[in-house]
Amino acid sequence: MFDKTLAELAQGLERGDFSSSELTQAYLQRINALDSRYNSFITVTEEQALAQAKAADEARAAGNAGALCGLPIAHKDLFCTQGVRTSSASKMLDNFVSPYDATIVSRLKNAGTVMLGKLNMDEFAMGSSNESSFYGAVRNPWDAERVPGGSSGGSAAAVAARLTPAATGSDTGGSIRQPAALCGITGLKPTYGRVSRYGMIAFASSLDQAGPMAQTAEDCGMILNAMAGFDPMDSTSAERDMEDFTAALNQPLAGLKIGLPKEYFSEALDAGVAEQVRNAVTEFEKLGATVKEVSLPNTELCIPAYYILAPAEASSNLSRFDGVRYGYRCDNPVDLEDLYKRSRGEGFGAEVKRRIMVGTYALSAGYYDAYYRKAQQIRRMIQQDFINVLNDVDVIMGPTTPHPAFKLGEKSSDPVSMYMEDIFTLSLNLAGLPGISVPCGQTGGLPVGLQIIGNYFAEAKLLNIAHQFQQTTDWHKQIPAGVEV
Amino acid sequence: MEWEVVIGLEIHVQLATKTKIFSGASTAFGAEPNTQACAVDLALPGTLPVFNENALRMAVMFGLAVNAEIGKRSVFERKNYFYPDLPKGYQTTQLAEPIVGPGFVDIETDEGVQRRVRIHHAHLEEDAGKSLHEDFHGMSGIDLNRAGTPLVEIVSEPDMRSSKEAAAYARKIHAIVTTLGICDGNMAEGSMRCDCNVSVRPKGQEELGTRTELKNINSFRFIERAIDTEVARQIDLIEDGGKVVQETRLYDPDKNETRSMRSKEEANDYRYFPCPDLLPVIIDDSYIEAIRETLPELPDARRDRFMSEYSLSEYDAGVLSAYRPQADYYEQVVKQSGDAKLAANWVMGELAKFLNQNDTDIKDSPVSAEQLGGLLVRIKDNTISGNIAKKVFEIMWSKGGSADEIIEAEGLKQVTDTGAIEKIVDEVIANADKQVEQYKAAEPDKRGKMIGFFMGQVMKATGGKANPGAVTGILKQKLDALCD
């Protein structure tokens, strides 16, 4: 039964094939039995999960079951969960038990989902390999010697290993889409502002966006239905009418105009990845879509701009972790400066410190104009590139990542090569656009992800396109060797 | 050498919103430490700010009141620095695009010096918490109740040329913000705090001297004293061949000296950048005009009206209009008593004395404007004399009650019955042979002064209740009759 999608499990619950309590118990047992292989969970919340499952069963018996009632889910460990450790995979917050729920956590809770636990990630969501976690690296279920991607590596690995039918993730530069691609699952980064950021531990506020990760586009739509919507607690959340993201999944794709950016298919792209992506595009042509080459001329500027802006915001966002009010505090500080220096020096990992230093430098007096202001200008150029292309085509398609999953440790001593893994994803965060990664093939036994980029607030369309693809392909149904279901 | 003093002020005004600028926690003063700090104020992971529109409205009111341009687009930025009472590690403030642009106020010192002080800009920001360094056995306590309280920081141009002008400017800002009702004006509780930028230069020199900044001064008197002290220090230093160092200094009112806090070299690099958690604040003309409609009469206008409508002196009108609760109180007393001059004398005299002695704000006065107005009515209609009125006022202050109730209960009603007064005057004259002889012997033009003694005796005999006008007339008549 662990091969079932969220939608199929929902049907099972509705038919009474099993109760939420039985389902939850089964997943908890599976996590306990198998997660030592993957290290995808930081915290398993068995007691709360069983209580929530019981409540869901009672709600269903009383006739009050919504679409997600009783379905298990797990949250990336940067979403605050009341009464449960929320660590952001950092030593800094190893002792932090949140007194409140993030907006998306409470929305999913109110929708009746059952939280299995909190998922591993790169420390403070900074990384593309999930190797920077204080709780250890996560292993890719397709090959335990390889990374699952990051920063939502725990989320992607847990779904791929069928330890949870769905998970939440967050995406600042590709942190949902890249691990989804590397683990062979479906992950959606919504438009900036679509999902509330309240209670999501900030990495880079103007880029961060939460989204769903699951086996299928349909499952992602079901979860997004609960996650999305205006939140008065988040000034940057969009005031829009509620949408049903599962309502338009079956629209035919005839006449769909697809743009393929020539910059995305350069020689640096892995040949196997390129082949799978082109095959997928051919599949869309069979479904009635037309394809044309487009250009995003500033693509190569994405990485330098992003690695100014994201660290700049992060350097400020992470200032609150000072050892004063909560979180890690060094032993026996001799004075205030010592308290700050050692608490932060000991509490943060190397990649986090690297980014705080880069960001601090970029914002410093005398450098602001050369770095931060310039990067903001580039950001607007990149955004304009997308707007121009999306005036011409309905969606843009390309590889989610330049390579399939790489080996643990392979890039950890070379940050720039690690940063290059996000070249196709982080431009969307700079532009604020939605994107979905869909499994579209394999190369060398490893999954390949197709990224579909849509216009602002076009999530329903992206889910429709991905769903139609998943009706005619079965890449999303592939299960890693050694993962028994 | 003759020196010229150059002063610019940065005044922090706490806005009287019910809740904080970016959270729903209360801003009330004096609660138990850390009971008015919510998840946002504590900067818990994941929390986000939401801008309190009331703070915006109040800042716009201030801008309009100081003749300023209002920023139709204003942007919050982060000022990054570490301090234990700054929970986020940055202060959310405005820098490049503030809500209030250039404006001005006109001031006048007690000596009659008039000056227009330009306001460079005023911006919205959040207050920090408080660090308490005593009573924690070598540790520091942190109270975050104040963290997130909305502030408007008003930055003047260096337009003031004396400590008196600086104090007059601060008083004017105080009068404006309290009149607008956007600040409670309580300086002792830190509702208005002042940083003074002070420099000196040889008279006639164009170029400004090196300035020092005196931090966190919280009374008008200390503004004057701190500046005078700092000016003297700077002049001594320069005349002794030294140089003023640009630095932040702290004024110690107990020792009446300023001392160095930190130099420019030690200053933080605040790494300002636009806060990505808050959207730019965009307002239009209709928003601004709707607020202009709600503006109360401002202190300058009210002072002018007090002069023309109530025939008050400029000084009285200035004092009464400077603090809105006092001006409102005064006008209520005028309305009640129908006598603007008498009302002014009482509000600035007896009432002010009692308020001062009891360290009470006029808003909390135990004697209401209605009560005082009722008392003045009884002075005017000769029910009681001015002296008896003071007695009634004292009872009113301590025990409450209307003037009529107190006059009745204490039997203080003035005796105006001529027959009764004549009888007492006769008795007094009969028992004062010596004084009568002196009166008779005196030159007629000196006699007026000598009536005082007899007056005192009559008042003593009547418990002060005899109508002084009537007594004077009768005494004069009877004594002069004896002289013929």
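What counts and what doesn't
Residues numbered from 1 in each chain as written. Chains lettered and ligands numbered in written order. Predicted model: local features only at pLDDT ≥ 70, side-chain atom pairs only at ≥ 80, totals over all residues. Heavy atoms only, no water. Domains from an automatic or database assignment. Contact = heavy atoms within 4.5 Å. Buried area = accessible area lost by both parts, 1.4 Å probe. Salt bridge = Lys/Arg side-chain N within 4 Å of Asp/Glu carboxyl O. Polar contact = N/O pair within 3.5 Å; in protein donor to acceptor, adjacent residues only side chain to side chain. Nonpolar A, V, L, I, M, F, W, Y, C, P; charged D, E, K, R; others polar. UniProt positions renumbered as here; feature names shortened; annotations may be inferred. Helix = DSSP H or I, 4+ residues; strand = E, 2+ residues; numbered from the N terminus. Core = buried A, V, L, I, M, F, W, Y, C linked by side-chain atoms within 4.5 Å. Buried < 20%, exposed > 50% of the residue type's maximum accessible area, 1.4 Å probe, protein only. Pairing = 2+ DSSP bridges. 1 Å grid on protein atoms, 1.4 Å probe; cavity = no way out; pocket = protein on both sides within 12 Å on 5 of 7 lines; lining within 4 Å. Points joined across faces, edges and corners; volume = space filled by probe spheres on them. Right-handed = clockwise from strand over helix to strand, strands pointing away. Axes fitted to C-alpha atoms, helices over the stretch in contact; angles between N-to-C directions. Parallel < 35°, antiparallel > 145°, perpendicular 65-115°, else oblique. Left-handed = near helix turned anticlockwise from the far one by under 90°.

Notes on the domain arrangement of chain A
Residues and elements named next belong to chain A.
Working step 1: Along its sequence, chain A is carved into domain 1 (6-256 + 454-477) and domain 2 (300-376).
Working step 2: Computed over C-alpha atoms, the centres of domain 1 and domain 2 are 28 Å apart.
Working step 3: Listed per partner, the contact involves 20 residues of domain 1 and 19 residues of domain 2.
Working step 4: For the pair domain 1 and domain 2, the two sides together bury roughly 1700 Å², of which 65% comes from carbon and sulfur.
Working step 5: Summed over the shared surface of domain 1 and domain 2, the result is zero salt bridges.
Working step 6: For the interface between domain 1 and domain 2, the tally reads eleven residue pairs in polar contact (both at pLDDT 80 or more).
Working step 7: Here the side of domain 1 that touches domain 2 is built from residues that sort into ten nonpolar, eight polar and two charged.

Quick look at the UniProt feature "domain: Amidase" (unreviewed entry) in chain A
Working step 1: Mapped onto this numbering, the UniProt entry annotates "domain: Amidase" (unreviewed entry) at residues 22-463 of chain A.
Working step 2: Secondary structure content for residues 22-463 of chain A is 36% helix and 14% strand, while the C-alpha to C-alpha distance between its ends is 30 Å.

Concerning the nonpolar core
Working step 1: By size, the foremost hydrophobic cluster in this structure holds 157 residues, and its most contacted members are Phe124(A), Phe284(A), Phe386(A) and Ile452(A).
Working step 2: If you tally residues by element for this core, the top one is helix α9 (residues 302-317) of chain A, at ten residues.
Working step 3: In terms of nonpolar packing, the next biggest core, distinct from the first, is built from 68 residues, Ile7(B), Ile99(B), Val198(B) and Phe222(B) among them.

Some details on the pairing of strand β3 (residues 76-80) of chain B
When a strand is regular, its side chains alternate between the sheet's two faces.
Residues and elements named next belong to chain B.
Working step 1: The buried count for β3 comes to five of five residues, which makes it a mostly enclosed element.
Working step 2: Across five bridges, the pairing between β3 and strand β4 (residues 90-94) is antiparallel. Within the sheet, the bridge partner assigned to Lys79 lies in β4 and is Gln91.
Working step 3: The pairing of β3 with strand β14 (residues 273-274) spans two bridges and is classified as antiparallel. By the bridge assignment for β14, Arg78 is matched with Phe273.

A closer look at empty space enclosed by the protein
Residue and element names in this part refer to chain B.
Working step 1: This structure, assessed with the given rule, holds six cavities of 30 Å³ or more.
Working step 2: Computed from the structure, the largest cavity encloses a volume of approximately 200 Å³.
Working step 3: Taken together, 21 residues form the lining of the largest cavity, with Phe22, Val40, Asp41, Lys88 and Glu126 sitting closest to its centre.
Working step 4: Taken together, the residues of the lining of the largest cavity sort by class into ten nonpolar, four polar and seven charged.

Regarding the pairing of strand β11 (residues 212-217) of chain B
Residue and element names in this part refer to chain B.
Working step 1: Note that strand β10 (residues 192-202) and β11 share four bridges and pair antiparallel. In the sheet register, Cys194 faces β11, and the bridge partner there is Ile217.
Working step 2: Pairing of β11 with strand β12 (residues 247-252), which is carried by four bridges, proceeds in the parallel orientation. For Thr212, the partnering residue across the bridge sits in β12 and is Glu247.
Working step 3: For the crossover that starts at β11, traverses helix α3 (residues 220-239) and ends in the parallel β12, the hand is left-handed.

Quick notes on the packing of helix α5 (residues 299-310) of chain B against helix α6 (residues 314-321) of chain B
Residue and element names in this part refer to chain B.
Working step 1: Interaxial distance between α5 and α6 falls to 8 Å at its minimum, and their mutual angle equals 135 degrees. Here α5 lies oblique to α6, going by the angle between them. Seen along the crossing, α5 lies across α6 with a hand that is right-handed. Residues Pro299, Arg302, Arg303, Phe306 and Met307 of α5 lie in contact with α6, whose contacting residues are Glu314, Ala317, Gly318, Leu320 and Ser321.
Working step 2: Its residues assigned to classes, the contact of α5 with α6 shows five nonpolar, two polar and three charged.

Regarding the UniProt feature "domain: Asn/Gln amidotransferase" (unreviewed entry) in chain B
Working step 1: Residues given the UniProt feature "domain: Asn/Gln amidotransferase" (unreviewed entry) here are residues 328-479 of chain B.
Working step 2: Secondary structure across residues 328-479 of chain B divides into 76% helix and 0% strand, with the first and last C-alpha atoms of the span separated by 48 Å.

Points about the UniProt feature "active site" (unreviewed entry) in chain A
All names here are of chain A.
Working step 1: Per the UniProt record, the feature "active site" (unreviewed entry) sits at Lys76, Ser151 and Ser175. A maximum C-alpha distance of 11.0 Å among these annotated residues, which run over 100 residues, shows that they cluster at one spot.
Working step 2: Examined against the element boundaries, Lys76 turns out to sit in strand β2 (residues 72-76).
Working step 3: According to the relative accessible area criterion, Lys76 is buried, its value standing at 0%.
Working step 4: Apart from residues no more than four positions distant in its own chain, Lys76 is found in contact with Lys118, Leu119, Met121, Ala125, Ser151, Ser152, Ser155, Thr168, Gly169, Ser170 and Ser175.
Working step 5: Separated by 2.7 Å, the side chains of Lys76 and Ser151 make a polar contact.
Working step 6: Locating Ser175 in the fold gives a position in the loop between β4 (166-171) and α6 (177-183).
Working step 7: You can call Ser175 buried: its relative accessible area is 5%.
Working step 8: Among residues more than four places away in sequence, those in contact with Ser175 are Lys76, Ala125, Gly127, Gly150, Ser151, Ser152 and Ser170.
Working step 9: In terms of polar contacts, Ser175 uses its side chain to reach the side chain of Ser151, at 2.8 Å.

Side note on the domain arrangement of chain B
Working step 1: Split into domains, chain B comes out as domain 1 (3-285), domain 2 (297-410) and domain 3 (418-483).
Working step 2: In this structure, domain 1 of chain B and domain 3 of chain B have C-alpha centres spaced 63 Å apart.

Observations regarding unusual backbone geometry
All names here are of chain A.
Working step 1: Each neighbour pair has its own omega, and for Gly150 with Ser151 the value is 5 degrees, a cis peptide bond.
Working step 2: Turning to its location among the elements, Ser151 is positioned in the loop between β3 (114-119) and α5 (153-160).
Working step 3: Despite not being glycine, Ser88 has its phi angle at roughly 55 degrees, a positive value.
Working step 4: For Ser88, the position within the fold is in the loop between β2 and α4 (103-110).
Working step 5: Even without being a glycine, Phe457 presents a positive backbone phi close to 60 degrees.
Working step 6: For Phe457, the location among the structural elements is in the loop between β11 (446-453) and α15 (459-472).

What about the sheet that holds β12(B)?
Residues and elements named next belong to chain B.
Working step 1: Pairing within the open sheet is mixed, and its eight strands lie in the order β5-β6-β9-β1-β10-β11-β12-β13. Since the sheet does not close on itself, it has two edges, and those belong to β5 (103-108) and β13 (257-263), each with one partner. Along the sheet, successive strands turn relative to each other by an average axial angle of 30 degrees, direction set aside.
Working step 2: In this structure, β12 lies alongside β13, joined through six bridges in antiparallel fashion. Its bridge partner lying in β13, Tyr251 is registered against Thr258.
Working step 3: Lying over the sheet, helix α1 (residues 53-65) contacts β6 (114-126) and β9 (150-156), oriented at roughly 170 degrees with respect to β6.

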